[in-house]
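Spelled out from the first residue to the last, the chains are:
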Amino acid sequence: MADDISKKVELLRKEIRRHDHLYYVLNAPEITDQQYDKLFTELRKLEEEHPDLITADSPTQRVSGKPVEGFASVKHAAPMLSIDNTYNADELRDFDNRIQKALSDEDYKYIVELKIDGLAISIRYENGKLTQAATRGDGQTGDDATSNVRTIKAIPLTLMQEASVPEVLEVRGEIYMPKKSFAELNRQKAETGEPPFANPRNAAAGSLKLLDSRITASRNLAFFAYAIGQVTEPLADGHYKTLKALEKLSLPVNPNIKQAKNIDDVIKICQGWQNKKETLGYQIDGMVIKVDSFAQQQILGTTGRAPKWCISYKFPAEQAETIVESIDIQVGKTGILTPVANLKPVKLAGTKVKRASLHNFDQIKKLDLRVSDTVIIEKAGEIIPQVIEVKTKKRDIFDSKPIEIPANCPSCDSPTVVTVNKRKETGAEEEREFTTVKCSNPNCNSILKERVGYFVGRGQMDIENFGPALIDQLVNKGLIKNFADIYKLDIFKVAQLDRMATKSAENLLDGIEKSKTQDLWRLITGLGILNVGGQTGEILADKFITLDNLIAADIETLESIDQIGPTIAQSVFEYFTNPDNIAMIEEMKSLGVSPKSPTEKKTTPLTGKTIVVTGTLENFTRTQIAQAITGSGAKTSSSVSKKTDYVLVGANPGSKAEKAAKLGVEIIDEKKFIELTNG
Ligand code: IVH
């Protein structure tokens with residue numbers, strides 16, 4: 001009996017690891033989140049009943065229950081070297097000339113990789129089990145980051161054993177934060193008045209320095225392996241084959257790795273990525289070029305600091321100089337006042353930039369920014385323009401004065417509340433002062449407008465034609481005082497608004513009507529609960545299935561959810577114990593709002609079918625298509641067989657399309673797929 005249970009536990013772990021790999025590494029999930037949760041809950045339950053069966057590599061043991069005191073030092077078994085930089089094609093050619101000379105005109109090949117902008121990590125596996133992870137530090141000694149690295153789902157705790165695993169294998173790679181997670185994290189920080197991270201690399205580094213790995217777990221870090229350190233048995237005789245071997249061991253390796261036979265090819269590949277780096281879901285700051293053969297790497301050697309067989313090509317920093325024309329003060333949906341700079345329009349990384357966030361008043365003080373100043377702007381994570389430097393020397397000292405913290409709300413004129421908190425910034429040693437400036441009026445129209453705008457927004461209830469101009473009018477006329485009022489709008493109220501033709505009024509009301517049965521997670525997110533973004537909204541919806549269950553949840557239940565820290569649990573609990581909020585939700589219900597719970601899957605002509613995707617799609621990334629397929633009730637598979645119902649073919653398809661034709665499996669394109677998902 002005990003044996004049976006132990007077998008079952010191992011089987012569940014194996015299955016969960018397989019699905020983690022499919023989801024986090026291959027971007028090709030085969031099951032829905034609910035099905036995954038079921039496996040996970042089952043494993044957790046068995047482990048609770050049989051604690052003696054718990055092992056460190058169990059998927060349930062990624063996040064440790066309590067914060068650590070500090071980080072121990074780790075001496076690297078093989079030093080973690082850095083890379084020399086080049087900045088243009090000529091310097092790349094110089095590098096190639098040195099290689100050619102040192103290899104006495106032998107043939108050689110280059111591997112060209114993306115230079116992921118995160119932080120280097122060394123992960124030690126002993127007999128296929130993750131035993132330690134350490135940051136680079138000074139290259140010889142780093143910090144023990146094991147407990148935090150274990151929370152990153154793309155990093156396997158156990159390597160797949162299909163290929164034989166060396167006794168000791170140190171995997172080196174880059175931990176990074178995807179652009180989307182970075183934007184979401186900074187959005188949450190802004191909401192609570194915390195200073196944002198300047199870029200995804202700082203965000204990743206900061207998240208890895210946290211003493212509480214539960215918070216690290218919520219940060220959505222990711223990983224790409226790009227090299228090995230100490231290894232008891234080489235995986236291959238060259239770099240490219242080693243990366244392929246790491247991939248087979250279930251480690252994530254970046255898919256955009258190219259072999260190049262000469263420096264012209266290398267330069268072409270580098271220039272190609274310089275022009276399309278914005279299309280990636282993560283930030284890269286250049287390219288890395290490596291000589292492939294290990295024997296040749298040996299001949300070339302190192303300078304002590306950096307290997308001579310490797311070079312980076314750094315993209316030029318995308319910055320622009322412009323002038324601050326004025327400062328606007330925005331009131332956010334939590335009432336926090338944020339300064340925004342209106343700039344003399346300037347082109348930066350492909351777009352025209354007219355505004356830059358200044359984050360908060362501490363930032364203005366730190367930069368000593370004033371109206372009419374000449375400033376340097378940069379895009380954080382290639383998305384959000386921000387001021388990084390003020391050219392104070394160019395300032396007219398007689399005609400410039402520091403920007404003051406506003407004493408009144410720019411919208412309702414109520415006095416502001418200025419709080420100065422002392423806090424340790426993520427990863428920082430010392431406490432710093434943070435100033436938050438808030439409007440003191442809970443009924444401030446600007447706050448209400450922001451909250452309504454968020455509620456109806458694309459990522460939440462997704463009500464079309466509900467733009468800022470309309471919200472302005474509805475709030476100013478007193479037609480909307482809370483979210484329930486949205487559902488009391490009728491044609492008479494709407495038609496009296498400016499610039500509202502009958503047809504647009506009807507469209508708007510249609511959209512509002514449709515939103516009554518939006519997905520539950522969208523409604524939860526739309527409520528704008530402090531610290532709850534889309535991702536937490538989804539976690540809560542999956543966990544509680546109905547809004548009533550969520551409302552009834554006690555604080556212990558909320559805190560026990562994976563990926564939900566004590567702060568989020570507390571704000572969710574507070575929101576749903578506030579009688580005003582409950583009254584509003586009840587009113588919404590009585591007006592017909594009845595969100596779709598995550599178990600009510602929509603059925604489409606694709607429900608129950610198996611779909612294989614090949615080639616590059618125009619409208620979907622790999623993750624998006626996988627989600628669209630699962631969302632339509634179908635499942636994805638990575639290989640074509642007779643059981644496959646459809647092969648969805650994009651540009652440059654692989655051999656899968658040929659195989660489908662051979663087996664007589666129906667081939668569809670993106671357009672057809674979209675048609676089928678819409679029924
Ligand atoms: S190879 C001996 N490959 O860039 C060479 N590094 O500026 C070891 N990085 O410290 C590193 N992407 O953190 C390598 N594809 C890639 C990389 C990469 C990012 C980072 C790494 C390194 C830094 C040097």
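All figures in this text were calculated on a predicted structure; none of them were measured in a lab. Sequence order sets the numbering: in each chain, residues are counted from 1 along the sequence as written. The model is predicted, so local features are restricted to residues of pLDDT at least 70 and side-chain atom pairs to those at 80 or more, both for listing and for counting; the totals for chains, interfaces and linings are taken over all residues. To get the side-chain values, all heavy atoms of the structure are used, and hydrogens and water are removed first.

*Asks:* Please explain the overall build of the protein chain as it appears in this structure.
*Replies:* When its secondary structure is counted, the protein chain shows 25 helices and 22 strands. Taking 26 Å as the expected radius of gyration for a compact globule of 679 residues, we find that the protein chain reaches 27 Å, a close match to that expectation. Overall, the protein chain is about 80 × 75 × 50 Å in size when its C-alpha atoms are taken along their principal axes. In this scheme, a residue with accessible area under 20% of its type's maximum is buried, one over 50% is exposed, and one in between is partly exposed, where area comes from a 1.4 Å probe on protein chains only. Per-residue burial for the protein chain yields a buried fraction of 47% across its 679 residues. Throughout, a residue-residue contact means that at least one pair of heavy atoms, one from each residue, lies within 4.5 Å. Looking at the protein chain alone, contacts between residues at least 24 apart form 69% of all its contacts between residues at least 6 apart. On the protein chain, roughly 33800 Å² of surface is accessible, and the fraction owed to carbon and sulfur atoms is 49%. The charge count treats Lys and Arg as positive and Asp and Glu as negative. His and the chain ends do not count. Working definition for charges: the position is that of NZ of Lys, CZ of Arg, CG of Asp or CD of Glu. Each charge class in the protein chain was averaged separately, 90 positive and 94 negative side chains, and the resulting centres sit 3 Å apart. Under the DSSP-based scheme used, a helix requires at least four consecutive residues in state H or I and a strand at least two consecutive residues in state E, with every element numbered from the N terminus. Taken over C-alpha atoms, the radius of gyration is set against a globule rule of 2.2 Å times the number of residues to the power 0.38. In this description, accessible areas are obtained by the Shrake-Rupley approach with a 1.4 Å probe, and a residue is regarded as covered only by the protein chains that are shown.

*Asks:* Got a minute to help me understand the site of the ligand in this structure?
*Replies:* A single heavy atom is enough: if one lies within 4 Å of a molecule or strand, its residue is considered near that molecule or strand. Looking at the ligand, the residues that line it are Ile-83, Glu-113, Leu-114, Lys-115, Ile-116, Ala-120, Glu-174, Tyr-226, Val-288, Lys-290 and Pro-307. Polar contact is defined as a pair of N or O atoms within 3.5 Å, subject to the rule that within protein one atom must be able to donate a hydrogen and the other to accept it, and that residues adjacent in sequence are counted only when both atoms are side-chain atoms. A distance of 3.0 Å separates an oxygen atom of the ligand from a polar side-chain atom of Lys-115. Between the ligand and the protein, one listed contact pairs an oxygen atom with a side-chain N or O atom of Glu-174 at 2.6 Å. Contact with the protein chains removes 86% of the 530 Å² of surface that the ligand exposes when unbound. Comparing atom positions with the cavity grids shows the ligand to sit within the second largest pocket. At the level of secondary structure, the elements contributing two or more residues to the shell around the ligand comprise strand E3 (110-116) and strand E10 (284-291). Every definition here rests on a 1 Å grid over the protein atoms only: cavities are sets of points where a 1.4 Å probe fits but cannot get out, pockets are open sets enclosed by protein on both sides within 12 Å along at least five of seven lines, and lining residues have some atom within 4 Å of a point. Each molecule is checked against the cavity or pocket grid, and it sits inside if more than half of its atoms lie within 2 Å of the grid points.

*Asks:* Would you take a moment to explain helix H1 (residues 2-25) for this structure?
*Replies:* An α-helical turn contains 3.6 residues, so any two residues separated by three or four positions project in the same direction. By this rule the span expected of a helix is its residue count minus one, scaled by 1.5 Å. The first and last C-alpha atoms of H1 sit 34 Å apart over 24 residues, in line with the 34 Å expected at 1.5 Å per residue. For H1, the full list of buried residues reads Ile-5, Val-9, Leu-12, Arg-13, Ile-16, His-19, Asp-20, His-21 and Leu-22. Taken together, the buried residues of H1 touch helix H2 (33-49).

*Asks:* Would you mind showing me how to read the packing of helix H21 (residues 566-577) against helix H22 (residues 579-590) here?
*Replies:* How two helices pack is summed up by the angle between their axes together with the distance between the axes. Here an axis means a line fitted to C-alpha atoms, over the contact stretch when the element is a helix, while the angle between two N-to-C directions is reported on a 0 to 180 degree scale. At their nearest, the axes of H21 and H22 sit 5 Å apart, and the two run at 70 degrees to each other. With respect to their mutual orientation, H21 and H22 come out roughly perpendicular. Between H21, through Tyr-575, Phe-576 and Thr-577, and H22, the contact on the second element is made entirely by Pro-579, Asn-581, Ile-582, Met-584 and Ile-585. Under the convention adopted here, Pro, Cys and the residues Ala, Val, Leu, Ile, Met, Phe, Trp and Tyr are nonpolar, Asp, Glu, Lys and Arg are charged, and Gly plus all remaining residues are polar. The residue makeup of the contact of H21 with H22, split by class, is six nonpolar, two polar and no charged. Orientation categories follow fixed angle ranges, with anything under 35 degrees roughly parallel, anything over 145 roughly antiparallel, 65 to 115 roughly perpendicular, and all other angles oblique.

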